[in-house]
Structure formats: structure tokens, C-alpha cells
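In case you want the letters, here they are:
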Amino acid sequence: MRAPGGPGMRRRRRAAAVALQALALGAVVVGLGVLVVLLFDVLRDGAGTLTWTFLDSFPSRRWQQAGFKAAIFGSVYLLVLVAVISFPLGVGAAVYLEEYARRSAMTRFVEINIANLAAVPSIVYGLLGLGVFVRTLGLGRSLLAGALTMSLLILPVIITAAREAIRAVPASIREGAYALGASRWQVVRHHVLPMALPGILTGTILALSRAIGETAPLIAIGALTYVAFVPESVFDPFTAMPIQIYNWVSRPQQGFHAIAASGILVLLVVMLGFNALAIVLRARMQRRSQW
Amino acid sequence: MSEAQAAQSAAEVPSGLAALSTEGLNVWYGTSHAIQDVSLTFPERSITAIIGPSGCGKSTLLRCLNRMNDFIPGVRITGRVAYRGEDIYAPDVDPVELRRSIGMIFQKPNPFPKSIYENIAFGLRINGYRGDLLPRVERSLRQAALWDEVRDRLRDSALALSGGQQQRLCIARALAIEPDILLMDEPCSALDPTATARIEDLITELKASYTIVIVTHNMQQAARVSDYTAFMLNGRLIEFGPTERIFTRPADERTEAYITGRFG
Ligand SMILES: Nc1ncnc2c1ncn2[C@@H]1O[C@H](COP(=O)(O)OP(=O)(O)OP(=O)(O)O)[C@@H](O)[C@H]1O
Ligand SMILES: [Mg+2]
């Protein structure tokens, strides 16, 4: 009698494993390959015009004098504001849903809607922002209106990521703390949040990376494309990098296409910079909160 | 428990000194009736073992005693649990305060993913101890017979300890806040015989100052460490009395069948 795991079956299982591995490797190579080609293409087009003048000038009708300064400041301010608004809101909502809310039809309804909201096209958020923040609340086409709109857009992603990270904290840890006479808040503050923080930060980084590249909602709320100053308060009008790039790409002159490529390079660098910052922050928090 | 047996255990167990008691306790998980009409007293400064086959409701009963069942959705509790005469399910009782007096050790060691020192300091801090915590940390580690093994690495992760050391750390953590009662749910089930022996010694020592309730599957352990034994079956208390009597002259044939290993 042949055992169920006889040589024939074992060989077939091995072949399947090898095939799967090859497939996975192929997927990685294709993904990275496309990225490298894109990056190379952008570098070729934009490296030449990526000068200090480009970084330090405001937009202009002539591409030789046009610069990215207003867009860089606009995007960085926007991102910081979005992070400040959406992180506490998102984590707070996740903590409430996971640790405080009773399981009821209402919480289930909220949960389903959060999942649905994550799938709503960003232009819809833009229109919502236009209606609520720009018009009804009278914030105008300001940095604050843009940041609030973007925060709405990424909140579902942050909430979902934070909830998953919170749920991954083992029940035994919570019980251990409760059994010592910890209050709900003490358990959340000293055990659940520190253990969930790496996961929460990873989700937040991904969400913010999405926000920095989003164009549609900002166009919908009417962020300007010609801004010849750096915003000085959250109520000032602003522009952002993707809007400026979009504007340049849609012009006929070749020169604007080149500086658009330079703009993309700056956008990538800023995005990677933010990600690196968040990773460093995560590593440090992890170390400090654990011991 | 039959009425005759109830009368017998009432005569055998000094209820005047009860640190904890239950009266007509019932617990439902949704529609399943996990604890049925259990009345028990846990005498002060003694060790009471709860034995019975898997699923008979030992953990459920234990978790009722410090309101750890509050966190389980769909749980319903009727009857009375009294801690030093006060109903712990009364509306004015703060379960957080209650758990500071009634500590719990779990079946699987559950140290926090922090340093050995922090594992103990956490309970002290949330209970309002300020200033230098090291002497208190040291004292509770000594009480749990762990100090000599960890004195040089208090700042290392508690997760690097062996299973037996982790369980002793959990005991030290519970002792640090000086509870009145310790509830232990199969504290040795994840440990080897040597580590088990150490914890049993520890439990016996702790009896001088604590009231201990211990759930165990190990008959020898129940016989070795406990003063009183409660035998449960299918959510009911079958028999309760001094350990020696339960193990030598059980009144109920089901108790006898269980302790001699004929079922469960
Ligand atoms: N959270 C829960 N939700 C629903 N039913 C539960 C829950 N916890 C326990 N039960 C049920 O209640 C009964 C008693 O469980 P309990 O955990 O108290 O048993 P036990 O005596 O501690 O068993 P073991 O010796 O295996 O630990 C079992 O039938 C179990 O399935
Ligand atoms: Mg159990």
C-alpha cells in the first residue's frame, strides 16, 4: 500500500510549490521593473531642469522662470495638517469601536459604512469638501478646507488600519492588565495603543502617501494653480504639488513638460522623506514604549 | 448538591470566615447555562481547589469572582457573589477597584511585552504608588521565588523568560499590588514538573497571607496544596468539603468516579 504522501504526490506538491514561487517572483519583478522604468523616464526628462531656481521660484508664464516653491510649501503644510487632523480622529474612532462600543446593530452599520467610504472615489470627497468646508463653513479655498477634505478622504483607511492593529493585541494582555485593577483607559493607554502603534503608523503612512498624490479633490474644492506666495496661515489659499504638475503637463510647450517631470521628482522625494520620518518615529516609539 | 451534602459541607467549611462566597449563582452565555445554582464559601487564608472535567464551568465560576466576565458579550449572571459580605455585582461597586483586591493568574502566562521591571511596576503605578518602585519590585519577585534568576536583567524583555519564569512573573505582578485574594486558573498547566513544584511551594507559602482559589486538572495537585475542594460537573457544584475528606471519603459517587480517574 502506498502512503498518502508517496513519492508521486510529493513530487507533484514540490512542482506546485516551485511554480507558485516562480509566479510570486515574476509578480515582484514586473512590479519593480515598471517602477524602475517609470523612475528612469522621469529622471531623464526632469533631472536637467531640477535646479535651485526651480525649487525657489513661484509659477510663471515662462517655463524658464517657473518654480515649484508655492506647491512644495502647500503640499508639505497640507500633509502636516492632514496628519494632525486625521491621526487623532482615526485612532480615536478605532479605539472607540474596538474597546468601548458595545456590539450592536448601530456599530455594525458604522463598520460597514467605514468600509464603504474607503471605496468612494476621491472626487466625491472633493465635492463634499466644496459644499461643506468651502461654502457652508465659509473656509473658502483655504489650506484648512483642503486639509479637512483630505482628512475625510483618508480617515476610513486610517480607522480600518488602526482597528486591525488594535484587534491584533491579544486578549490575554488586556485581561492581564484588567486583573491588576487597570481601568479601560489605562489598558488602552499602556498596553493596547503601544502594541498597536506600529500597525497604526504603517496604515497612517500609507494613507498619507495617498493624500500627498491626490489631485482630484483639491481641484474640486478649487485649490488654485497660480499661487505666487507661500501660505502664511491655514486660511490662505494654496496650491499643491500634484495640481501644479497637472497644470504644467497640460500646457503645449515642451519646457513645461520638463519642469513637470522635475516636479514629480520633488514629489517623490518629499513622499519618501515623510515615509522615512514616520518609520524612524515608529522605531523610536516602539523602543521607548516597550521598556 | 443534595440537601444532606449541603448541610455536611456547611458543617465542614467555616463560613464565618468567608473571604468570598456565592449564593445561587447562575451564568448564561447567550442561551447556554454554564453555571447552575452554585453556592460556595471560600474560607479566609486557605486554599480552595475547584476540580471537574473540561467544560464544566470552572473558569466561568472563577471569572465571576472578580468580574472578569464583564468583558464577555452576551453573558448573564444572576444570584449573589459576596466579597467580605458585600455583593460585588451591586450597582455601586466599581469592578476596577474590586480587581485590585481580587487578583487573577491565568492558565497561560501572559506577561506584558515589556521589561521584567515594567511588568511589575505597571500594577504599582496604576494603583497609585509613587517614587522608587524598585524595592517593591524586588520584594514581589522574591515572594514569587524569581528574584535570584532575574536580578541582573530587570530591564530585559519578560518575553525572554521561560514559561515557568513567566508564570512566576505573573504571580509576582499580582502580588505586588497586595491583593486580598488570588484566583488561579490552572496556573501550572503550561509548565513542566519542576516549574510546577516551585509554583506549588509558592502557593503553599502564600496561604499565610492570602486567600487562594485554584482551578486545576491535576488531582495530585489539588490534594497536595488545597485545604478545601469543590467538585463541579456540567455547571453544577456536586460536592464541597475539606480536601482530605473529599479525596478519602467522597459522599457522591460522581466525585469518587472523577478523582479516581474513572471519567473526565
Ligand atoms: N466566552 C464564552 N462564550 C460562550 N460560551 C462559553 C464561553 N466561555 C465558556 N463557555 C462555555 O461555558 C462552559 C464552561 O466553560 P469554562 O471555560 O468555564 O469551562 P472549564 O471548566 O474552565 O473548562 P476547562 O477545564 O477546559 O478550562 C463550556 O461549555 C464553554 O463552552
Ligand atoms: Mg478553564
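Residues numbered from 1 in each chain as written. Chains lettered and ligands numbered in written order. Predicted model: local features only at pLDDT ≥ 70, side-chain atom pairs only at ≥ 80, totals over all residues. Heavy atoms only, no water.

**Structural notes on the overall build of chain B**
Note the threshold: The helix count covers DSSP runs of H or I at least four residues long, the strand count covers runs of E at least two residues long, and both are numbered beginning at the N terminus. Both definitions apply: the radius of gyration is a C-alpha atom measure, and the globule rule equals 2.2 Å times residues to the power 0.38. The cut-offs for exposure are 20% and 50% of the maximum accessible area for each residue type, with area from a 1.4 Å probe on protein chains only; residues under the lower value are buried, those over the upper are exposed, and the others partly exposed. Note on definitions: a residue-residue contact is assigned when non-hydrogen atoms from the two residues lie within 4.5 Å.
Each helix and strand in chain B was counted, giving 11 helices and 10 strands. Here the C-alpha radius of gyration of chain B, 18 Å, is about what a compact globule of 264 residues would show, namely 18 Å. Oriented by its inertia axes, the alpha-carbon framework of chain B measures out at about 55 × 45 × 35 Å. Taken across its 264 residues, chain B has 57% of its residues classed as buried. Residue pairs at least 24 apart in sequence account for 68% of intrachain contacts in chain B once pairs closer than 6 positions are excluded.

**Side note on the packing of helix H6 (residues 143–167) of chain A against helix H8 (residues 184–213) of chain A**
Residues and elements named next belong to chain A. Condition: Note on method: axes are straight lines fitted to C-alpha atoms, helices fitted across the in-contact stretch only, with angles between N-to-C directions ranging 0 to 180 degrees. Note that the term roughly parallel is reserved for angles under 35 degrees, roughly antiparallel for angles over 145, roughly perpendicular for angles of 65 to 115, and oblique for everything else. What makes a crossing left-handed is the near helix being turned counterclockwise from the far one by less than a right angle; a clockwise turn instead makes it right-handed. Residues are grouped as follows: Ala, Val, Leu, Ile, Met, Phe, Trp, Tyr, Cys and Pro are nonpolar; Asp, Glu, Lys and Arg are charged; every other residue, Gly included, is polar.
Packing of H6 against H8 brings their axes to within 8 Å, and their N-to-C directions diverge by 150°. By the angle class used here, H6 and H8 are roughly antiparallel. The hand of the H6/H8 crossing is right-handed. On H8, the residues that touch Met 150, Leu 153, Ile 154, Val 157, Ile 158, Ala 161, Ala 162, Ala 165 and Ile 166 of H6 are Val 192, Ala 196, Gly 199, Ile 200, Gly 203, Thr 204, Ala 207, Leu 208, Arg 210 and Ala 211. Per-class residue counts for the contact of H6 with H8 are 15 nonpolar, 3 polar and 1 charged.

**So, the side chain of B:Thr48**
Summarising the element assignment, B:Thr48 is placed in strand S3 (residues 47–51). Excluding its chain neighbours within four sequence positions, the residues that come into contact with B:Thr48 are B:Phe42, B:Pro43, B:Ile212, B:Val213, B:Ile214, B:Ser226, B:Tyr228 and B:Phe240.

**Description of the site of ligand 1**
All names here are of chain B. What counts here: We define proximity as follows: a residue is near a molecule or strand when any one of its heavy atoms falls within 4 Å of that partner. By the criterion applied in these results, polar contacts are pairs of N or O atoms within 3.5 Å in which, for protein atoms, one can donate a hydrogen and the other can accept it, and in which residues neighboring in sequence qualify only through two side-chain atoms.
Neighbouring ligand 1 are Tyr 29, Ala 34, Ser 54, Gly 55, Cys 56, Gly 57, Lys 58, Ser 59, Thr 60, Ile 72, Glu 186 and His 217. Lys 58 has a polar side-chain atom sitting 2.7 Å from an oxygen atom of ligand 1. Within the side chain of Thr 60, a nitrogen or oxygen atom sits 2.5 Å from an oxygen atom of ligand 1. With 3 residues, helix H2 (residues 58–65) is the largest single contributor of residues to the shell around ligand 1.

**Focus on a nonpolar patch on the surface**
Applied cut-off: Candidate patch residues must exceed 30% relative accessible area and have no salt bridge, after which like charges are joined if within 9 Å and Val, Leu, Ile, Met, Phe, Trp or Tyr side chains if within 5 Å. Here, Shrake-Rupley sampling with a 1.4 Å probe gives the accessible areas, and only protein chains in the shown set may cover a residue. Take a side-chain nitrogen of Lys or Arg and a carboxyl oxygen of Asp or Glu: if they are within 4 Å of each other, that pair is a salt bridge.
A cluster of nonpolar side chains, contributed by A:Val28, A:Leu32 and A:Leu35, occupies part of the molecular surface with about 290 Å² of accessible area. Here A:Leu35 lies in helix H1 (residues 7–46).

**A closer look at the sheet that holds strand S8 (residues 211–215) of chain B**
Residues and elements named next belong to chain B. Quick reminder of the rule: When DSSP finds two or more bridges between a pair of strands, those strands are recorded as paired.
Read across the open sheet, the 6 strands follow the order S6-S7-S8-S3-S9-S10; overall the sheet is mixed. With partners counted over all chains shown, the strands left at the sheet margins are strand S6 (102–105) and strand S10 (236–242), one partner each. Between one strand and the next, the sheet's axes are offset by a mean angle of 15°, whatever the strand orientation. Pairing of S3 with strand S9 (residues 228–233), which is carried by 4 bridges, proceeds in the parallel orientation. Note that in S9 the partner of Ile 51 across the bridge is Phe 231.

**Examining the domain arrangement of chain A**
Note: interface size is frequently given as the accessible area lost on complex formation between the parts. All names here are of chain A. Operational definition: Each domain's extent is set by a domain assignment, obtained either automatically or from a database.
As far as domains go, chain A holds domain 1 (7–49) and domain 2 (52–290). At the junction of the two partners, domain 1 supplies 7 residues and domain 2 supplies 9 residues. Our enumeration of links across domain 1 and domain 2 arrives at 0 salt bridges. Applying the counting criterion to the domain 1 and domain 2 interface returns 3 residue pairs in polar contact (both at pLDDT 80 or more). Split by residue class, the side of domain 1 that touches domain 2 holds 4 nonpolar, 2 polar and 1 charged.

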